[in-house]
Amino acid sequence: AESEERDRQREAALAASGELQVRMDVLLLFSGTGGASVSDTRAGLASGVLRAFDGRGVDPRQLRIQGVKVFADGIPRSHTAWFAQPYGTPHDCGAMVVAGDTSAERVAELTEIIRLVDAAGLQVGVHATGDATATVAIDAMADVLRASSSGLHHYVIHADFLGTAELASLAAEGIGFTTNPDIARASAPIAPGLVG
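Our subject in this report is the structure included herewith. Quick caveat: nothing in here was measured; it's all calculated off a predicted structure. (Residues numbered from 1 in each chain as written. Predicted model: local features only at pLDDT ≥ 70, side-chain atom pairs only at ≥ 80, totals over all residues. Heavy atoms only, no water.)

Digging into the overall build of the protein chain
Inference 1: Across its full length, the protein chain holds seven helices and five strands.
Inference 2: Shown N-terminal to C-terminal, the secondary structure of the protein chain runs as helices and strands in the order α-β-α-β-α-β-α-β-α-β-α-α.
Inference 3: For the protein chain, whose C-alpha radius of gyration is 18 Å, the value lies close to the compact-globule estimate of 16 Å for 196 residues.
Inference 4: In terms of principal-axis extent, the alpha carbons of the protein chain reach across some 55 × 35 × 30 Å.
Inference 5: Total accessible area on the protein chain is roughly 10100 Å²; 53% of this is exposed by carbon and sulfur atoms.
Inference 6: Charged side chains in the protein chain number 15 positive and 24 negative. The centres of these two groups are separated by 6 Å. (Helix = DSSP H or I, 4+ residues; strand = E, 2+ residues; numbered from the N terminus. Rg over C-alpha atoms; globule rule 2.2 N^0.38 Å. Areas by Shrake-Rupley, 256 points an atom, 1.4 Å probe, with all protein chains shown as cover. Lys, Arg positive; Asp, Glu negative; His and termini not counted. Charge placed at Lys NZ, Arg CZ, Asp CG, Glu CD.)

Okay, structure coming up:
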């Protein structure tokens, strides 16, 4: 938390001085890369961090807190991605890394996290590598957006194993998708050995 605050102060100082040469949209991370929870999200939203750039002479068109990143799963190589079919060793489906003891509890936790962030007027970027995680993230975002008047466009991050049905759902629901070509290129040769 201290290093993140130092980063925000440094970014704000650069923006206020005119030295920030690119537009930056910042994503907050309340739970790290695993264990995302409703309680961490509530605490993070209530912490005052959303006003981190207020009163610092920062133009919000140059630097702004855009949203919250949620790690819903990890990566196949560490067997922390959740797939519909068993993979790797120990040849099971993996699991989401959201708080909860069962898949159903984790999905409910993720849905409530998305709802809280949407209600705060922020976008949600959900890290979802496995196909099962991406599917439930899309469904959760769609459910939240249908009940919301925020007009926000949430998005799935990575989702390297999306099928055509999931891609169609993204388009139909107005949900975005972002990927990292360098990660995709590096993982493509090893993906068949990891997930079949």
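Thoughts on helix α1 (residues 2-17)
Inference 1: For α1, with 16 residues, the first-to-last C-alpha span of 23 Å sits near the 22 Å given by 1.5 Å per residue.
Inference 2: Buried within α1 we find R8, E11, A12 and A15. Burial along α1 is one-sided: seen end-on, the buried residues are contained in an arc of 100°.
Inference 3: Close packing links the buried residues of α1 with β1 (24-28) and β2 (63-71). (Expected span 1.5 Å × (residues − 1). Buried < 20%, exposed > 50% of the residue type's maximum accessible area, 1.4 Å probe, protein only. Arc of directions from axis to C-beta. Contact = heavy atoms within 4.5 Å.)

Section: the sheet that holds β1
Inference 1: The strand order across the open sheet formed by five strands is β1-β2-β3-β4-β5, and the pairing between neighbours is parallel. Among the strands making up the open sheet, the edge pair consists of β1 and β5 (176-178). Averaged over all pairs of adjacent strands, the angle between strand axes in this sheet comes to 30°, irrespective of strand direction.
Inference 2: In this sheet, strand β4 (residues 155-158) lies alongside strand β3 (residues 123-128) in parallel orientation, the contact comprising four bridges. What sits directly across from H127, in β4, is I157.
Inference 3: With respect to the sheet, helix α4 (residues 131-147) is in contact with β3 and β4, its orientation differing from that of β3 by roughly 165°. (Pairing = 2+ DSSP bridges. Axes fitted to C-alpha atoms, helices over the stretch in contact; angles between N-to-C directions.)

Quick word on the pairing of β3
Inference 1: Summarising burial for β3: six of the six residues are buried, a large majority.
Inference 2: Alternating residues of β3 divide into Q123, G125 and H127 and V124, V126 and A128, and every residue in both groups is buried.
Inference 3: Judged from the five bridges that link them, β2 and β3 form a sheet pairing that is parallel. Directly across from G67, in β3, lies its bridge partner Q123.
Inference 4: Regarding topology, helix α3 (residues 103-119) serves as the crossover connection from β2 to the parallel β3, and that connection is right-handed.
Inference 5: Once the chain exits β3 it traverses α4 before rejoining the sheet at β4, and the crossover so formed is right-handed. (Right-handed = clockwise from strand over helix to strand, strands pointing away.)

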